[in-house]
Amino acid sequence: MQRDLEGYRVVAVHAHPDDESISTGGALADLSRRGADVLVVTCTLGEEGEVIGSTYGQLVADAADQLGGFRIHELHAALAALGVRGVFLGGAGRFRDSGMAGSAASRNPRAFVNSGQEAVEELAEIFAAERPHLVITYDPHGGYGHPDHIRAHEIAHAAAEKTGVPRLVWAARLRSELEGGLPAEAPRGWRLPEPGELDAVDATDTWVELDDATYGAKVAAMRAHATQIWIGDGSTSVTNPEPAVAGGALTAYALSNLITQVITRREHYRTGAGLPLVPGGGLLEGVRK
């Protein structure tokens, strides 16, 4: 692959381990393979997450409460698959997963939703040190409304404005591609999504095409998050002893709800702040080194 992006620096701001791979893994791998220096900032350990499969089911917050520490290992493996660097905002464990809106976890003083100006300053310090040409994060709704995603959006915008980041973009999923790529039938034990159930938008500003190597890197990164994701390509994992296979041209996956989704061949993005994206152009097109 042509290394046409050497000298560019990119920072992606994500709420929990696995968000970087599911939402932006293709773009991160593509940017890195083309020479950009890519850093993923993860804001929590994902302590309040659910667990797929029974192998590590007792690590969850209301049992052993060991899931966050375990997910550090998964994140490291995923970042290696993508070829990017990673840090935790404020250090590993500084901010805790807030859980879904209204949950008891959100009232924890350490919950990310209660991070206030401290989180903005921590991220601004990272931006000042990294001097990114591009920041990637979520839209104002956080993609699907998770409070930690929304908070990541807020602090990314605040820190970008404070430090003069040239361009900030939002990851998005294009409804036509996401729903159009679903298999005719779900793997055994999974189910297909109801119409409109998956978070998606109807239009975006640009996209990243995933060639075979980049697509493979994204699948490998998602597979590394074994407590969160099953991959429906006939493989098994430490959490999934039963191979699942979905028909169709795209690799399927499921989270703990076992709703069938697909890893599309394009990742879509929208302008968030700063220099607008060039319609149909690259994420760094028009940004000077």
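Attention here is on the structure that accompanies the text. Predicted model only: the values in this text are computed from it and were never measured. Sequence order as written defines the numbering, with residues in each chain counted from 1. Where local features are concerned, this predicted model is filtered to residues with pLDDT of at least 70; where side-chain atom pairs are given and counted, the filter is 80 or more; whole-chain, interface and lining totals use all residues. Side-chain metrics in this entry use all non-hydrogen atoms of the structure; hydrogen atoms and water are not considered.

**Let's talk about the packing of helix 3 (residues 116-130) against helix 4 (residues 147-163)**
In contact at an axis separation of 8 Å, helix 3 and helix 4 are set at 55° when each is read in the N-to-C sense. In terms of axis orientation, helix 3 runs oblique to helix 4. Here helix 3 and helix 4 pass one another in a crossing that is right-handed. Residues G116, Q117, A119, V120, E121, L123, A124, F127 and A128 of helix 3 form the contact with helix 4, whose own contacting residues are R151, I155, A156, A158, A159, A160, K162 and T163. Residue polarity is assigned by list, with Asp, Glu, Lys and Arg as charged and Ala, Val, Leu, Ile, Met, Phe, Trp, Tyr, Cys and Pro as nonpolar; anything else, Gly included, falls into the polar class. For the contact of helix 3 with helix 4, the class distribution of residues is 11 nonpolar, 3 polar and 3 charged. Fitted lines through C-alpha atoms serve as axes, helices being fitted only where they are in contact, and the angles separating the N-to-C directions of these axes extend from 0 to 180 degrees. Only DSSP runs of H or I reaching four residues or more are called helices, and only runs of E reaching two or more are called strands; each is numbered from the N terminus. For classification purposes, angles smaller than 35 degrees are called roughly parallel, those larger than 145 roughly antiparallel, those between 65 and 115 roughly perpendicular, and all remaining angles oblique. For any pair of crossing helices, the crossing counts as left-handed if the nearer helix is rotated counterclockwise from the farther one by less than a right angle, and right-handed if it is rotated clockwise. Between two residues, a contact is recorded if the distance between any of their heavy atoms is within 4.5 Å.

**Topic: the sheet that holds strand 1 (residues 9-14)**
Pairing between strands requires that DSSP locate at least two bridges from one strand to the other. If you walk across this open sheet you meet the 7 strands as 3-2-1-4-5-10-6, and the pairing is mixed. This sheet does not close on itself; its edge strands, each paired only once, are strand 3 (85-88) and strand 6 (206-209). Taken pair by pair, the neighbouring strands of this sheet meet at an average axis angle of 30°, ignoring direction. Taken together, the 4 bridges between strand 4 (residues 134-137) and strand 5 (residues 167-172) define a ladder with parallel strand orientation. Each residue of the ladder has a partner; that of L134, found in strand 5, is R167. Seen against the sheet, helix 1 (residues 19-33) touches strand 1, strand 2 (37-42), strand 4, strand 5, strand 6 and strand 10 (266-274) and runs at an angle of roughly 90° to strand 10. The sheet contacts of helix 2 (residues 67-82) involve strand 2 and strand 3, and relative to strand 3 the element is tilted by about 155°.

**Notes on the packing of aromatic side chains**
Only the six-membered ring of Trp is used, alongside the rings of Phe and Tyr, when aromatic pairs are assigned; centres must lie within 6.5 Å, and planes under 30 degrees apart are stacked while those over 60 apart are edge-to-face, with the rest tilted. Summed over the entire model, instances satisfying the criterion amount to 2 aromatic pairs. Here Y56 and F70 contribute two aromatic rings whose centre-to-centre distance is 4.5 Å and whose plane-to-plane angle is 45°, an arrangement assigned as tilted. Taken as a pair, Y56 in the loop between strand 2 and helix 2 and F70 in helix 2 lie far apart in primary sequence, 14 residues in all. Only protein chains enter the accessibility calculation, which uses a 1.4 Å probe; a residue whose area is less than 20% of its type maximum is buried, one above 50% is exposed, and one in between is partly exposed. Classification of Y56 by relative accessible area gives partly exposed; the value is 24%. Residues F95 and F112 carry aromatic rings whose centres are separated by 5.9 Å and whose planes lie at 55° to one another, so their mutual orientation is tilted. Here F95 is found in the loop between strand 3 and helix 3, whereas its partner F112 is found in the loop between strand 3 and helix 3, with 17 residues between them in sequence. You'll find F95 and F112 in the same group, each marked buried. Lysine NZ or arginine CZ positioned within 6 Å of the ring centre and within 35 degrees of the ring normal marks a charge as sitting over the ring. Over the ring of Y215 we find R265; its NZ or CZ atom is 4.2 Å from the centre of that ring.

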